[in-house]
Number of protein chains: 2
Amino acid sequence: MTAVQAFAAHEAGGNWEPFEYELPELGDQEVEVEVLSCGICHSDLSMLDNEWKITRYPFVGGHEIIGRVASVGANVPSLKTGDIVGVGWNARSCMCCDQCISGNQNLCPQVEGTITHQHGGFADRVRCHWSWALPIPAELDARTSGPLLCGGITVFSPLVEYGISPLARVAVLGIGGLGHLALQFCRAWGCEVTAISRGRDIEPEARQLGAHDFLATDQTDELEAAAGRFDLILNTTNADLDWDRYIAALASKGRLHTVGAAAKVSASVFPMIIGQKSFSSSPTGNVIHMRQMLNFASRHGIRPMVESFPFAEINQAFDRLRNGSARFRVVLQAS
Amino acid sequence: MTAVQAFAAHEAGGNWEPFEYELPELGDQEVEVEVLSCGICHSDLSMLDNEWKITRYPFVGGHEIIGRVASVGANVPSLKTGDIVGVGWNARSCMCCDQCISGNQNLCPQVEGTITHQHGGFADRVRCHWSWALPIPAELDARTSGPLLCGGITVFSPLVEYGISPLARVAVLGIGGLGHLALQFCRAWGCEVTAISRGRDIEPEARQLGAHDFLATDQTDELEAAAGRFDLILNTTNADLDWDRYIAALASKGRLHTVGAAAKVSASVFPMIIGQKSFSSSPTGNVIHMRQMLNFASRHGIRPMVESFPFAEINQAFDRLRNGSARFRVVLQAS
């Protein structure tokens, strides 16, 4: 038995409070990770607030974890005590279904989430299947790289999944926790990168992060002027968009890809037919894409821009996320 | 000058009446085709009724044309008088823009339609750029193959564009003019093919055309029972669907592709994210895909099932289309 010191919420929207729980003997395919830092993702907030009606309390969030392997199960093939690893949205998958066996472990029907099927990384320890404990390249900072494990892979995976070419004109919609990483990935991917946000206040940071161009959508016609321009619009917001405006900004064969969980998409079909356009969505990424993402981030110097809080100040950190002013990701640090 | 004997409608929803018009001297990249037969596509009806608000009267429809090359312009590289060719939705494109030069002539911003930018194939003659006059393989019947030129390419093109594998489980939604060709193409493509229709009355024909399985959607839960099953659902209807029902029937990474022009698509985003699903649309096809489609149809014995009317009975033929009972395509025949 291992006693874990965590922070848990006991009701929807509740405060985080110190919470201790016990873990059983380590499974033979499992690793136990001593948490060094943990990013706060918007989905931690959605889960805290029980927005998706799947939260079980006491709830321990946290799935942008960087940590040190504390112990490994008897049959773990590739990790050893002391290795620095990251753990993201998923903690384990069955490893034998068609999806797992073809490398799409994130689409496994039995996939288990780090905060949906167990207690997460707002804690001193967390466990996962060895495959979902991703070795962190030495060049990445263990204190600030946690956001790559969920926010990062979520925006990186579509570039691989849909074979986005460095020739593509890509727009990143929403410059926040995910968007600020998307700008860096798309720039390093070789694309022509445009940042799209409501107002212009974030333009300097967006350009610094890799945007060649910037469009403000509120009270301007800049989006309309970009009609037919983008091969990919990567929507990182969960806003209820005027989807037709964005589909109009797509080039022929263009893709509006959303990783933000708006409730509904609604669009006129005729312009999509004429321009052979598509709308698609995706969740985080599979294991090989996570490995590739971490190596790509390391090689290209892609770094989350974060605001750090000690774990003891988790409630203040969530306030910062809730009011939307964090630039760009809040990360909790172990002492 | 060439005098053309055609049938034209003079107002929205009007009857077809004999109509003569003059064509100027043949352009040097153009071919003039003597019409042998012409299928009637649902979009001829939409144009007749001015559903898309772009019809100019007098309106001469007809864009599923098979004919004999009657004359060729001075600089036509690859056709000669007497060749049997087909002409579909598009009659010409600029041949120099980025889309044309990359082979996507159907997405050319200046593309000109056979019935939208000129008078179409309900006539004894029609003209087009040489590239859009497709040589018809000798094995295909000139009297019945017209529907391949629009209906056929519209359902064939997505198989190529999206790299559909013979391993895919494909469902064809709507077994009519397009759907009955889609079943044949998908079966010959090597896929596992399911036909989806409202009722069961069309099941025998659907199975004969290549469907391995059949789902009826009205007053059954067969679609719900197929949850997570299809890699591709090819929607050939223009009905206002309950889109979420069909997205639920997609496997992970599945695609709901519509070639039918419903007004709007509206779907819940969360299931699309979780299953990495997409919604897409496309118009007819480009020149190389039309060539490939005709050769593929020839090689696999894919044949439109048609009801034939002489050109003089065009109004009766349209009645047959309007009441939706044609199995599966109505084709007008020159005498």
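Residues numbered from 1 in each chain as written. Chains lettered and ligands numbered in written order. Predicted model: local features only at pLDDT ≥ 70, side-chain atom pairs only at ≥ 80, totals over all residues. Heavy atoms only, no water.

**Overview of the domain arrangement of chain A**
Residues and elements named next belong to chain A. Which entries qualify depends on this criterion: Domain ranges listed in this record stem from an automatic or a database domain assignment. Residues are treated as being in contact if the distance between any of their heavy atoms lies within 4.5 Å. Buried area: the sum, over both parts, of the accessible surface (1.4 Å probe) that disappears when the two are put together. A carboxyl oxygen of Asp or Glu within 4 Å of a side-chain nitrogen of Lys or Arg is what we treat as a salt bridge. Secondary structure elements follow DSSP: runs of H or I of four or more residues count as helices, runs of E of two or more count as strands, with numbering from the N terminus.
Each assigned domain of chain A is listed with its residue range as follows: domain 1 (2-148 + 285-333) and domain 2 (152-281). Placing a centre on the C-alpha atoms of domain 1 and another on those of domain 2 gives a separation of 27 Å. Listed per partner, the contact involves 20 residues of domain 1 and 21 residues of domain 2. Interface of domain 1 and domain 2: buried area, both sides summed, is about 1,800 Å²; carbon and sulfur atoms make up 68% of it. Broken down residue by residue, the surface that domain 1 buries against domain 2 is led by His289, Arg327 and Phe328, which jointly contribute 33%. Connecting domain 1 to domain 2 are 2 salt bridges. Close ionic contact of glutamate 205 with arginine 327 constitutes a salt bridge, the shortest N to O distance being 2.6 Å. Take the side of domain 1 that touches domain 2: its biggest share by element is 7 residues, from helix 9 (residues 287-300).

**Regarding the nonpolar core**
Quick note on the threshold: To qualify as a nonpolar core, a set must consist of buried Ala, Val, Leu, Ile, Met, Phe, Trp, Tyr and Cys residues joined through side-chain atoms within 4.5 Å. Exposure classes here rest on a 1.4 Å probe applied to the protein chains alone. A residue is buried below 20% of its type maximum, exposed above 50%, and partly exposed in between.
In this structure, Trp16, Phe122, Leu183 and Phe185 of chain B are the most contacted members of the largest nonpolar core, which totals 85 residues. Domain assignment of the residues forming this core places at least three in each of domain 1 (2-148 + 285-333) and domain 2 (152-281) of chain B. Beyond its immediate stretch of four places on either side in the chain, tryptophan 16 of chain B contacts Phe7, Ala8, Ala9, Leu48, Phe59, Val60, Gly61, Phe122, Ile314, Asn315 and Phe318 of chain B. Counting 46 residues, the second largest nonpolar core, distinct from the first, contains Ala262 of chain A together with Leu241, Val265 and Met272 of chain B.

**A closer look at the pairing of strand 17 (residues 306-310) of chain A**
Residues and elements named next belong to chain A. The condition that has to hold: Pairing between strands is defined by DSSP: at least two bridges between the two strands are required. Look down the strands so they point away from you; if the path from the first strand over the helix to the second goes clockwise, the crossover is right-handed.
Where burial is concerned, the two faces of strand 17 differ: the one with Glu307 and Phe309 is buried and the one with Val306, Ser308 and Pro310 is not. Where strand 17 meets strand 18 (residues 329-333), 5 bridges bridge the pair, whose relative direction is parallel. When the sheet's bridge partners are listed, serine 308 is paired in strand 18 with valine 331. Handedness of the crossover joining strand 17 and strand 18 through helix 10 (residues 314-322) is recorded here as right-handed.

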